[in-house]
Amino acid sequence: MYGKLPSPIAVLTFNQNLQTGELTFISYSNVDTRNAHGLWITCGASLSPWGTHLSSEEYEPNGLITNNGNNSDPQFAAYSKYLYGSETAANAYNYGHLPEIIVNKDGTGRCIKHYCMGRLSHELIQVMPDKRTCLMGNDATNAGIFMFVAHRPADLSSGALYVAKVTQKSAAGDKLGDFGVNWIKLGSATSAEIEAMVKNNIKLSDFMDVKTSDPSDPTYSKIMYNGTANWIKMLSNSAFAHKAAAFLETQRYA
């Protein structure tokens, strides 16, 4: 059932005997993820400096699903069916984001999904001491190294997204591998404006053309995406198209 059922997250409450360390179970509370459209394949998480659980949606569903119909990916179609009762109800662009779980004092929790941190294979994000700079794990094939810089400390609802460009400095075959790193800014956004694009049923074909066989057209760029060759080009040079690409097709755009 891997990837076919929505991922649950729960808050467990214990009392601890301060003399012996013994834990006594008190309560178990499922976190309601309906506002986040459910969670898909959550994986390694970390603790933010402000005490929240920074989870992950690993292996973002391919954006081509939004054009071809959810049945083009049997795993995601099954997820949609188990969550919504229909194989075509779930929107691929609602998944592959970073969910933040806030634990309440009463032992319950709430989930916020951050659409402005890039749609990628999130895992083990690390927030720096400034509470703004986030280095994001990306557990995918042919993936980038991404950084998010929040506009405000301890608030991941808006910020700027960057991808690393690494240039090898050491000689070929050098096992140590000396690299220079430059950060390329992909865009700035709020989570609300990117989620609004998804609510308005934006499709990949609204801003980017993706082919899986060589079109023999120099206006397309060949990239590797999740182990498969893609040929891509932007369909518009508008700010809206580039923002949609940066935050909803982060891996391809980068």
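Structure's up top.
Residues numbered from 1 in each chain as written. Predicted model: local features only at pLDDT ≥ 70, side-chain atom pairs only at ≥ 80, totals over all residues. Heavy atoms only, no water.

Roughly 310 Å³ of volume is contained in the largest pocket. Lining the largest pocket we find 17 residues, and of these Glu60, Pro61, Asn62, Tyr225 and Asn226 sit closest to its centre. When residues of the lining of the largest pocket are traced back to their parent elements, those giving at least two are strand E14 (228-234) and helix H5 (250-253). Split into classes, the residues belonging to the lining of the largest pocket amount to six nonpolar, eight polar and three charged. Space inside the second largest pocket adds up to approximately 220 Å³. (1 Å grid on protein atoms, 1.4 Å probe; cavity = no way out; pocket = protein on both sides within 12 Å on 5 of 7 lines; lining within 4 Å. Points joined across faces, edges and corners; volume = space filled by probe spheres on them. Helix = DSSP H or I, 4+ residues; strand = E, 2+ residues; numbered from the N terminus. Nonpolar A, V, L, I, M, F, W, Y, C, P; charged D, E, K, R; others polar.)

Turning next to the packing of aromatic side chains. By the definition in use, this model includes six aromatic pairs. Aromatic pair Tyr79 and Tyr95: ring centres 5.3 Å apart, planes at 80 degrees, arrangement edge-to-face. On the criterion of sequence distance, the pair formed by Tyr79 in helix H2 (residues 74-84) and Tyr95 in the loop between H2 and strand E5 (98-103) is long-range, its members being 16 residues apart. Pair check on accessibility: Tyr79 and Tyr95 agree, each one buried. One aromatic cluster is present, formed by Trp40, Phe76, Tyr79 and Tyr95 through successive ring pairs. One Lys or Arg, Arg252, reaches over the ring of Tyr225 and ends 3.8 Å from the middle of that ring. (Phe/Tyr/Trp six-rings, centres within 6.5 Å; stacked < 30°, edge-to-face > 60°. Buried < 20%, exposed > 50% of the residue type's maximum accessible area, 1.4 Å probe, protein only. Lys NZ or Arg CZ within 6 Å of the ring centre and 35° of its normal.)

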